[in-house]
Amino acid sequence: MDDSVIYPQDLQYWRTLPAYTGLSKPPQMDAATKTSPRHDGARTPPTGDVPDTWPATNTAPTVKRPRKSEVINDGVEARFSIGEDVFVTVGCFKGMPLVNVRRFYRPCPGKDVWKPGKQGLALAPEQWLALKRNMSSVSSVLLACGFSAKHTAYNGNGSTFLPSRFDLGNQRYAVVELFRGKAVVSLREFFRPKADQDKLLPSKKGLNLSAQQWDALEEQADKIDAVLKTVLEQKSLTSKVLKK
């Protein structure tokens, strides 16, 4: 032990604090006040081996979630195919009811086992209801977008179709636009860059649905609603519910 360093009297106490675990020696005493370093959560300029981060006194608030015993359908989902490798799943994830529109993949091509991929967007119940309310409008705009794509391909001129955006809440949108010469409905999360809060830019979180996939989603909207209602009412997902 270095005799040139003044140690506090309550040496064993300081060694038990989480912030000083693993230190080669305890924190130094303040030479001016002859008192031990502060340990009430305040930041003090570190000296010697005193760590830069002081132990906090107030714990962060936690989000109250239902217990697993209260969530009947947690981890159980109903899956609807809307074409190719895109599925809509309805269920609970960690106690939160979700409608998930996602692209799936098969890890083993020889087996009919599908797993969710990275491309997709999870919608809260209110966001799904907002999407359903706008389905007829989205379909009308999608028809116009498809006509514009065919007209552009026939004449060889640039398209004048401007993307139409439908707000689903919490910076998530259904956007009808031309993508690589085809009309698509993009379900996507947007964000505002720190440098310019007035701009709203699309993020990588989301996926594009073809016109055929959108039609399939619209056709199965009532079935998805029935399953979502069952999930929200905390009832078990049965085959009778899924066949409605």
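The structure presented is a predicted model; accordingly, all values stated were derived computationally and were not measured.

K.L.:
Can you help me understand the sheet that holds strand E7 (residues 182–191) in this one?
P.N.:
For sheets, the rule is that strands pair by backbone hydrogen bonds, running either parallel or antiparallel. Taken in spatial order, the four strands line up as E5-E6-E7-E8 in an open sheet, and their pairing is antiparallel. A strand with exactly one partner marks an edge of an open sheet, and here the two such strands are strand E5 (164–169) and strand E8 (201–210). Mean inter-strand twist for the sheet, computed between neighbouring axes without regard to direction, equals 30 degrees. By the bridge criterion, seven bridges tie E7 to E8 in an arrangement that is antiparallel. Each bridged residue has a counterpart across the sheet, and for Val-185 the counterpart in E8 is Leu-209. The sheet strands contacting helix H2 (residues 125–133) are E5, strand E6 (172–179) and E7, and the helix crosses E5 at an angle near 145 degrees. The strands that helix H4 (residues 211–219) touches are E7 and E8; relative to E8, the one it contacts most, it runs at about 80 degrees.

K.L.:
How do you make sense of the packing of H2 against helix H5 (residues 221–232) when you look at a structure like this?
P.N.:
Between two packed helices, the angle of one axis relative to the other and the distance separating the axes together describe the packing. Packing of H2 against H5 brings their axes to within 12 Å, and their N-to-C directions diverge by 160 degrees. By the criterion of interaxial angle, the relationship of H2 to H5 is roughly antiparallel. In the packing of H2 onto H5, the handedness of the crossing is left-handed. Along the contact surface, H2 presents Pro-125, Trp-128, Leu-129 and Lys-132, while H5 presents Ala-221, Asp-222, Ile-224, Asp-225, Leu-228 and Leu-232. Its residues assigned to classes, the contact of H2 with H5 shows seven nonpolar, no polar and three charged.

K.L.:
What is the right way to look at the pairing of strand E1 (residues 77–81) in this model?
P.N.:
Burial of the side chains of E1 is restricted to one face: Ala-78 and Phe-80 are buried, whereas none of Glu-77, Arg-79 and Ser-81 on the reverse face is. Pairing between E1 and strand E2 (residues 86–93): five bridges, direction antiparallel. Its bridge partner being in E2, Ser-81 is matched across the sheet by Phe-87. The hairpin formed by E1 and E2 contains four residues between the paired strands, and Gly-83 there has a positive phi angle of roughly 115 degrees.

K.L.:
Quick question: what am I supposed to make of the sheet that holds E2 here?
P.N.:
If you trace the four strands from one edge of the open sheet to the other, you get E1-E2-E3-E4, paired in antiparallel fashion. This sheet does not close on itself; its edge strands, each paired only once, are E1 and strand E4 (115–123). Strand-to-strand twist of the sheet, defined as the mean angle between neighbouring strand axes without regard to direction, takes the value 30 degrees. In this structure, E2 lies alongside strand E3 (residues 96–105), joined through eight bridges in antiparallel fashion. Note that in E3 the partner of Gly-91 across the bridge is Leu-98. Strand contacts of H2: E3 and E4, with the helix running at about 80 degrees to E4, the strand carrying the most contacts. Against the sheet, H5 touches E1, E2 and E3, its axis set at about 15 degrees to E2.

What counts and how
Numbering of residues starts from 1 in each chain and follows the order in which that chain's sequence is written. Reporting in this predicted model follows two pLDDT cut-offs: at least 70 for local features of residues, and 80 or more for side-chain atom pairs to be given and counted; totals over whole chains, interfaces and linings ignore these cut-offs and use all residues. Processing note: side-chain calculations cover all non-hydrogen atoms of the structure and skip hydrogens and water entirely. Only strands that DSSP links by at least two bridges are regarded as paired with each other. Only DSSP runs of H or I covering at least 4 residues are called helices, and only runs of E covering at least 2 are called strands; the numbering of each starts at the N terminus. Fitted lines through C-alpha atoms give the axes, limited to the stretch in contact for helices. The angle between two N-to-C directions lies from 0 to 180 degrees. The contact criterion used throughout is that any non-hydrogen atoms of two residues lie within 4.5 Å. Our angle categories are set so that under 35 degrees counts as roughly parallel, over 145 as roughly antiparallel, 65 to 115 as roughly perpendicular, and the remainder as oblique. If you view the pair so one helix is near and one far, a crossing is left-handed when the near helix is turned anticlockwise from the far one by less than a right angle, and right-handed when it is turned clockwise. Residues are grouped as follows: Ala, Val, Leu, Ile, Met, Phe, Trp, Tyr, Cys and Pro are nonpolar; Asp, Glu, Lys and Arg are charged; every other residue, Gly included, is polar. Note on exposure labels: buried denotes an accessible area under 20% of the residue type's maximum, exposed denotes more than 50%, and partly exposed covers the range between, all computed with a 1.4 Å probe on protein chains only.

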